[in-house]
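Examination of the molecular architecture
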Amino acid sequence: MISVEEALARLFALVPAPQSETVPLAEAGGRVLLHPQAARLTQPPFDASAMDGYAVIAAEVRPGATLQVVGEAAAGRAFDGRVAAGQAVRIFTGAPVPPGATRIVLQEDVTREGDVITLGEVGGGPHIRPAGGDFAAGDLLQAPRRLGPADIALLAAMNIPAVPVARRPSVAIISTGNELVAPGETPGPDQIIASNALGLAAMVAREGALPRLLPIARDDAASLGVVLDLAAGADLVLTIGGASVGDHDIVAQVAQSRGIDLAFHKVAMRPGKPLMAGRMDGAMMVGLPGNPVSALVCGEVFVMPVLRAMQGLPAGPAARKPARLGGHLDANGGRTHFLRARTDGDTVTPFARQDSALLSVLSAANCLVMRPPHDPARAIGDLVEILPI
Ligand code: AMP
Ligand code: MG
């Protein structure tokens, strides 16, 4: 049995290089930019007024000074001339500062009669945004990065209408089990709803990939084979359940018969021990445990980092941070334990019930406490690592 860290390293080794596609900016939000982008222009392109007021010569600014207003500059309409000694130009936010002017005085700091202004007490300044103050032509937006709204606005301002982003990985999701029916159907007396697949699909979509929910496979090789055939073309195939060694656990068996290049089978973790992964039929394959919490915890710990790496983001574990325990914990056994917990501020309190079938507890949790193997007993106030979910 390998460690969580080793399993993650072996998974990253299976990840193919991201494929690039060019999309218009309007469709690029949330996608991963693959290559740095150079600004095609300078912003602001000219010295621009940051305020509504008057463009003047800074050396002439003192209380009581009078200046002749010789014209107007508005956003999109520059003043066609210079500001000479004794002169001012009426100016609005975003307008080019006319040559000669070196300062903007705010409109509330002057009184105007006809075309003459008298300055009052003038503070602050110069209220001019210098050309190139935001960015200059050739300045880079670095990659890889997931493009947020501010990045999209920046790229637009740089006049870059389309960008190279990672193609969204296609993720086939297969539930296995004779007891399972799809949500919305009426389960028989010995049946339950296949819930994990939809939870995983939501997780996959959150990470920018395209989930493909396939039909539920029965617990026999022929049925699983048919559904695996439907997964053709996926970058990643996720199976759920049938991953341990019980009588009806056929995922490993079928994967072997299809010639899987196995990276590992079983990880020293709780929940989620019967995790397997490899390359099969030209795709990455991860066999997740069937218990709902196990499947979703393995999703957070392994599948999400894999999807990020598939999109060209750095290969690394899910983000963690320290928090102080709000309750006592007994010594941990030999496997990494992910406890369902709630964090508030810098305190974290694990739930009393940790059974890996309890979706209601996972839904109430907002983090997992990650305990290394053989972690000693912990007292209230001790620092532990948490993984926000
Ligand atoms: P298995 O790994 O197939 O032995 O499944 C372990 C447990 O998880 C069993 O109680 C299954 O009924 C349950 N289970 C398996 N797959 C799913 C699924 N897709 N949704 C909800 N429960 C599942
Ligand atoms: Mg099963």
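For the structure, see preceding data.
1. Side note on the side chain of Arg90
Within the secondary structure, Arg90 is located in strand 7 (residues 87-91). Buried charge without a salt bridge: Arg90, with Glu72 as the nearest opposite-charge side chain at an N-O distance of 5.6 Å. Within the local environment of Arg90, its side chain forms a polar contact with the side chain of Gln107, the two groups lying 2.8 Å apart. When residues no more than four places from it in sequence are discounted, the contact partners of Arg90 are Asp52, Gly53, Tyr54, Val69, Gly71, Glu72, Ala73, Gln107 and Arg112.

2. Looking at the site of ligand 1
Surveying the vicinity of ligand 1 reveals 15 residues, the closest of which are Glu179, Ser195, Gly242, Gly290 and Asn291. Asn196 has a polar backbone atom sitting 3.4 Å from a nitrogen atom of ligand 1. Taking Gly242, its main chain carries an N or O atom lying 2.7 Å from an oxygen atom of ligand 1. For ligand 1, the accessible surface in isolation is 490 Å², of which the surrounding protein chains cover 77%.

3. Re helix 6 (residues 292-310)
Gly299 marks the point of greatest bend in helix 6, at about 45 degrees. The buried fraction of helix 6 amounts to 18 of the 19 residues, a majority that puts the element mostly inside the structure.

Conventions used here
- Residues numbered from 1 in each chain as written.
- Chains lettered and ligands numbered in written order.
- Predicted model: local features only at pLDDT ≥ 70, side-chain atom pairs only at ≥ 80, totals over all residues.
- Heavy atoms only, no water.
- Helix = DSSP H or I, 4+ residues; strand = E, 2+ residues; numbered from the N terminus.
- Buried < 20%, exposed > 50% of the residue type's maximum accessible area, 1.4 Å probe, protein only.
- Lys, Arg positive; Asp, Glu negative; His and termini not counted.
- Salt bridge = Lys/Arg side-chain N within 4 Å of Asp/Glu carboxyl O.
- Polar contact = N/O pair within 3.5 Å; in protein donor to acceptor, adjacent residues only side chain to side chain.
- Contact = heavy atoms within 4.5 Å.
- Near = heavy atom within 4 Å.
- Areas by Shrake-Rupley, 256 points an atom, 1.4 Å probe, with all protein chains shown as cover.
- Bend = angle between axes of the 7 residues up to and from the residue.

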